[in-house]
Structures are given as C-alpha cells and as structure tokens.
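Structural overview for review
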Amino acid sequence: MLLIWILGLAWAFWWYEAHYLKAFERPAYFGAEAVAPPFEPGQVQVLHVWQSGCPCNGGHQGYVDEMTQRFGSQGVQFARSGQNSAQTLPGVLKTLPFWPMPDAWASWPGAPSVAIWDAAGKLAYVGPYSDGAQCSQASSFIEPVISALLAGRRVNILNQDTVSCLCDIQ
C-alpha cells in the first residue's frame, strides 16, 4: 500500500512538472522589439498576463491584488492581457482595462506573467512574477523592478530565462 502511495505521489509530481513548470524563455524580440505600453508614456506601467483556471494562479492571486493596489496608489498604471473576458478573473484583475497582446508577442511563453515599462515607455522587464509556483513580496521579481523605476533608476531585465509555473494562454 505504501509503495502504491509513493508511486502515486511521484506520478502526480511528474505530471505537474511536465504540464506547468516551464522555462520562461525570453526570445530575442523581447529585447529588440519596441512594443508600446498599454497607456501613453509618463508613468510606470505594468501588464498582468493572466489565464483563469490555471493551477499556477493560486500562489499569485493575493499578491497580485495587494501589489496592484499598493503601487497603483503610487501612480503606477496597470492593465491586463491574456484572457479577454473579465468574468472569471479574480480580485483586482476584473477592474483593470484589457490590452490585447501585440502581434510581436504572439508566442508569449505563458501566464501568470508580467511586462513592465518605465515612465518613458521603454520595456524594462518581461517574465514571471517569481521563480516556482508561489509569489509573495519576498520572492517577487517584479517588486524590485517597479521600486527601482519609481526611484528613477534604469532597469533592463529582458534576457534572463527562468523556470516558473506557467499555463498556456488560450
């Protein structure tokens, strides 16, 4: 019985890893493509790329709500992409304007993930919220990026690959 239980756990872990833990490979076009931000330049802008029903969302939903509200009060503009319908989106994501993914990003690696532009409209970060399946203020890749941009520092994190929990965007 113990052997069956161990084999079942091993299979479940393998299945989860095979389906959802993927490399967020930043193709060369993220660094070279001048994709305009969702809004007119002038403020730091963050695009949440989200897909409802993704098991990877669970570790991010609370953090995304809290972070969006906190940085929104500091003048950061937020939009969402990925899933068009807001009906099944959680929390603050329902209230954000939808921005269709540009053709240049047609092969976006997956969701949940994010793109961040500086106040001048230059792409500063593209990638997941954090490594692995969970995200919090302590493990976030994007919080230091937004803080640096708000402080007027230049950020360019477009070429580093990472492994994160990602679902295909439908």
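For the structure itself, consult the block above.
This write-up is about the structure you can find in this document. Remember, predicted model here, so these are calculated numbers, not experimental data.

1. Things to note about the nonpolar core
Judged by nonpolar contacts, the single largest core of 23 residues is most densely connected at M67, I116 and I142. Within the residue set of this core, elements represented by two or more residues are β2 (45-50), α3 (61-72), β4 (113-117), β5 (123-127) and α4 (142-150). Looking at this core, the element that brings in the most residues is α4, giving 5 residues. Ignoring any residue separated from it by four or fewer positions in sequence, one finds M67 in contact with H48, G72, F78, Y129, I142, E143 and I146. V49, W99, W105 and W108 belong to the second-largest nonpolar core, a separate cluster that totals 12 residues.

2. So, the side chain of Q45
Note on placement: Q45 falls in strand β2. The class for Q45 is buried, based on a relative accessible area of 0%. There is a polar contact of 3.2 Å between the side chain of Q45 and the backbone oxygen of E40. Not counting the four nearest positions on each side in its chain, Q45 is found in contact with P37, P38, F39, E40, Q77, A115, I116 and W117.

3. Quick notes on the environment of F78
Along the chain, F78 falls in strand β3 (residues 77-82). For F78, a relative accessible area of 7% puts it in the buried group. The spatial distance from the C-alpha of F78 to the C-alpha of I116 is 9.4 Å, given a sequence separation of 38 residues. Ignoring sequence-local partners within four residues, the contact set of F78 consists of F39, V46, H48, M67, T68, F71, G72, L96 and P97.

4. With respect to the packing of α3 against α4
One way to put it is that α3 packs onto α4 with a least axis distance of 12 Å and a crossing angle of 5 degrees. Classed by the angle they form, the pair α3 and α4 counts as roughly parallel. Every residue of α4 that contacts α3 at Y63, M67, R70 and F71 is listed here: I142, E143, I146, S147 and L150. When grouped by side-chain class, the residues that make up the contact of α3 with α4 number 6 nonpolar, 1 polar and 2 charged.

5. Description of the state of the cysteines
If you walk through the whole model with that rule in mind, you get 1 disulfide. A sulfur-sulfur distance of 1.9 Å marks the disulfide that ties C54 to C167. Looking down the S-S bond of the C54 and C167 bridge, the torsion is 80 degrees, so its handedness is right-handed. Residue C54 is found in the loop between β2 and α3, and its partner C167 is found in the segment after β6 (162-165); the two are separated by 113 residues along the sequence. Exposure remark for C54: the relative accessible area of 7% places this residue in the buried category.

6. A closer look at the packing of aromatic side chains
Here the structure, examined in full by the defined rule, presents 4 aromatic pairs. Considering the side-chain rings of W99 and W105, the 6.3 Å spacing of their centres and the 75 degrees angle between planes classify their relative orientation as edge-to-face. Just as W99 is buried, W105 falls in that class too. A centroid spacing of 5.7 Å and a plane angle of 80 degrees characterise the contact between W99 and W117, whose relative ring orientation is edge-to-face. Separated by 18 residues along the polypeptide, W99 in the loop between β3 and β4 and W117 in strand β4 bring together distant segments of the chain. Judged by relative accessible area, W99 falls into the buried class, the value being 14%. Here W117 falls in the buried class, since its relative accessible area comes to 0%. Grouping aromatic residues by their ring pairs yields a cluster made of W99, W105, W108 and W117. In this structure, R70 packs its charged tip against the face of F71, placed 4.8 Å from the ring centre.

Each value, and the rule that gives it
- Residues numbered from 1 in each chain as written.
- Predicted model: local features only at pLDDT ≥ 70, side-chain atom pairs only at ≥ 80, totals over all residues.
- Heavy atoms only, no water.
- Core = buried A, V, L, I, M, F, W, Y, C linked by side-chain atoms within 4.5 Å.
- Buried < 20%, exposed > 50% of the residue type's maximum accessible area, 1.4 Å probe, protein only.
- Helix = DSSP H or I, 4+ residues; strand = E, 2+ residues; numbered from the N terminus.
- Contact = heavy atoms within 4.5 Å.
- Polar contact = N/O pair within 3.5 Å; in protein donor to acceptor, adjacent residues only side chain to side chain.
- Axes fitted to C-alpha atoms, helices over the stretch in contact; angles between N-to-C directions.
- Parallel < 35°, antiparallel > 145°, perpendicular 65-115°, else oblique.
- Nonpolar A, V, L, I, M, F, W, Y, C, P; charged D, E, K, R; others polar.
- Disulfide = S-S within 2.5 Å.
- Phe/Tyr/Trp six-rings, centres within 6.5 Å; stacked < 30°, edge-to-face > 60°.
- Lys NZ or Arg CZ within 6 Å of the ring centre and 35° of its normal.

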